[in-house]
Amino acid sequence: MRFDKCSGERLLNRTGYEIESVISQGWAGMTHPLCRQSRGVGHLQELWEILFAPDTDLRSRLERLFERETAEFGLEYGFFSRIDTEEEVQHFQVVHGSHETLQAGDTVALPTTYCRKTIAEPDGLLAVSDAANEGWADDPAFEAFNLGSYIGTTVTADGDLYGTLCFANTAPREDPITAEELALLKMYGQWVSHELNLWRGPPSQDLASLDIGRKEISSSQMNTMMDVLGDKVRRLIVLSLLDDSTEDVVELLDRETEIEHTEITLRHVHLPKLEEAGYIKLGPDRNTILPGPNFSMIEPFLRQLKEYRGE
């Protein structure tokens, strides 16, 4: 959430993903392209190749994510950190960008960071578009690290707070941070939490040697995923499985799409592709679908896509 510290008014209401008001001008960044209709799911699929790259440890994937998304968010720095609330310290584990005082391996006092506010938010989200004009000029985070803009979310492990994933810049943002961008960042935080929960080794205080023991997705499986789920109709079909729906798929597509001859394309194109990929299997009546043997491979992507769509 974002707050105007001067007036005490809440500036961002995530219900319905609507911005209630926006202040200030002269930000350095621009609205993330995934939150503009011109990019949408195609951009998310490109990101998926980074997040689930085969044979790549979590640290390397985070570094690749930061390299890409700092440019897309219009924010120069990316940080992944572990937070110890009892000791009130924040350990920076992965850092992107050349900040003069914050580098990987550094430990700072938690009360001097924006992240202390992030972990206190009920939804684990904080956005600061223009610190000086939003009432943060005398805040320890602004004074200690000279960060004029910030967007952060919490990361959990086994249900407990692990730390934060955030982006920041010394300059204020050119465009105000939107609720859609916060939803996207929350998805990234959920992805990191998912990866941490897959770790089955001894407790680790440092990601330098942390190689998540997850089931790897091969390059051919990734190509199949991108091909099959690149179509809106097929995405709608598999998304319905997240709700344990037993709705007739023909009725589903009639309601959700304006495509002509839905049943013909459904029977001869979409269902065969999804079944061949192992994402679905047909029910006894041939009109309903069930999760296939490979559905678990795409389920994390579908849940994040559903979250992004605000469903």
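For clarity, every value in this text was computed on a predicted model and none was experimentally measured. (Residues numbered from 1 in each chain as written. Predicted model: local features only at pLDDT ≥ 70, side-chain atom pairs only at ≥ 80, totals over all residues. Heavy atoms only, no water.)

The next subject is the overall build of the protein. In terms of helices and strands, the protein carries 10 helices and 10 strands. Among the 311 residues that make up the protein, the fraction classed as buried is 50%. A fraction of 61% describes how many contacts in the protein between residues 6 or more apart in sequence connect residues 24 or more apart. Counting only carbon and sulfur atoms, one obtains 46% of the accessible surface of the protein, whose full area is about 14200 Å². (Helix = DSSP H or I, 4+ residues; strand = E, 2+ residues; numbered from the N terminus. Buried < 20%, exposed > 50% of the residue type's maximum accessible area, 1.4 Å probe, protein only. Contact = heavy atoms within 4.5 Å. Areas by Shrake-Rupley, 256 points an atom, 1.4 Å probe, with all protein chains shown as cover.)

This part takes up the sheet that holds strand β5 (residues 107–109). Where strands meet in a sheet, backbone hydrogen bonds hold them as pairs that are either parallel or antiparallel. Taken together, the 6 strands give an open sheet; going across it, the order is β5-β4-β3-β8-β7-β6, and neighbouring strands pair in antiparallel fashion. Strand pairing shows two members of the sheet lacking a second neighbour, β5 and β6 (125–128), which therefore form its edges. Mean inter-strand twist for the sheet, computed between neighbouring axes without regard to direction, equals 25°. Bridge analysis of strand β7 (residues 149–157) against strand β8 (residues 160–169) gives 9 bridges, and the strand direction is antiparallel. What sits directly across from Thr156, in β8, is Leu161. Sheet strands in contact with helix α2 (residues 58–73) are β3 (77–84), β4 (89–96) and β8, and its direction is about 75° off that of β4. On top of the sheet, helix α5 (residues 179–197) reaches β3, β6, β7 and β8; it is set at about 30° to β7, its chief contact. (Pairing = 2+ DSSP bridges. Axes fitted to C-alpha atoms, helices over the stretch in contact; angles between N-to-C directions.)

The next point concerns α5. Given a rise of 1.5 Å per residue, 19 residues ought to cover 27 Å, and the 27 Å separating the end C-alpha atoms of α5 matches this to within 8%. Of all the 19 residues making up α5, 14 are buried; the element is thus mostly covered by neighbouring parts of the structure. (Expected span 1.5 Å × (residues − 1).)

Tallied over the entire structure, the rule returns 7 aromatic pairs. A centroid spacing of 5.7 Å and a plane angle of 10° characterise the contact between Phe80 and Tyr162, whose relative ring orientation is stacked. Of this pair, Phe80 sits in strand β3 while Tyr162 sits in strand β8, and the two are 82 residues apart along the sequence. Of the two residues, Phe80 and Tyr162, both sit in the buried class. Pairing Tyr114 with Trp136 gives two aromatic rings, centres 5.3 Å apart and planes at 75°, and the pair type is edge-to-face. One end of the pair, Tyr114, is in the loop between β5 and α3 (115–118); the other, Trp136, is in the loop between β6 and α4 (140–145), and 22 residues separate them in sequence. Exposure remark for Tyr114: the relative accessible area of 2% places this residue in the buried category. Among the aromatic side chains, those forming a connected cluster through ring pairs are Phe66, Phe73 and Phe167. (Phe/Tyr/Trp six-rings, centres within 6.5 Å; stacked < 30°, edge-to-face > 60°.)

Turning our attention to the nonpolar core. If you look at the biggest cluster of nonpolar residues, it comprises 52 residues, and the most contacted ones within it are Phe80, Leu165, Tyr188 and Tyr279. With 8 residues, α5 is the single largest residue contributor to this core. Core analysis: the next-biggest nonpolar cluster, separate from the first, contains 21 residues, Ile83, Cys115, Ala141 and Tyr150 among them. (Core = buried A, V, L, I, M, F, W, Y, C linked by side-chain atoms within 4.5 Å.)

Bringing the side chain of Ser193 into the picture now. Its location among the elements puts Ser193 in helix α5. In terms of polar contacts, Ser193 uses its side chain to reach the backbone amide nitrogen of Thr156, at 2.9 Å. The residues contacting Ser193, other than those within four sequence positions of it, are Val155 and Thr156. (Polar contact = N/O pair within 3.5 Å; in protein donor to acceptor, adjacent residues only side chain to side chain.)

Now for the packing of α2 against α5. The geometry of a pair of packed helices is captured by two quantities: the angle between their axes and the separation between those axes. Between α2 and α5, whose axes approach to 12 Å, the crossing angle comes to 175°. When the axis of α2 is compared with that of α5, the two are roughly antiparallel. From α2, Leu58, Arg61, Leu62, Leu65, Glu69 and Phe73 reach across to α5, where they touch Glu181, Leu184, Tyr188, Trp191, Val192, Glu195 and Leu196. Taken together, the residues of the contact of α2 with α5 break down into 9 nonpolar, no polar and 4 charged. (Parallel < 35°, antiparallel > 145°, perpendicular 65-115°, else oblique. Nonpolar A, V, L, I, M, F, W, Y, C, P; charged D, E, K, R; others polar.)

Scanning the model with the defined rule gives 3 salt bridges in all. A salt bridge links Asp139 to Arg116; the nearest nitrogen and oxygen atoms lie 2.7 Å apart. Here the residue Asp139 occupies a position in the loop between β6 and α4, and Arg116 occupies one in helix α3, the gap between them amounting to 23 residues. You can call Asp139 buried: its relative accessible area is 2%. (Salt bridge = Lys/Arg side-chain N within 4 Å of Asp/Glu carboxyl O.)

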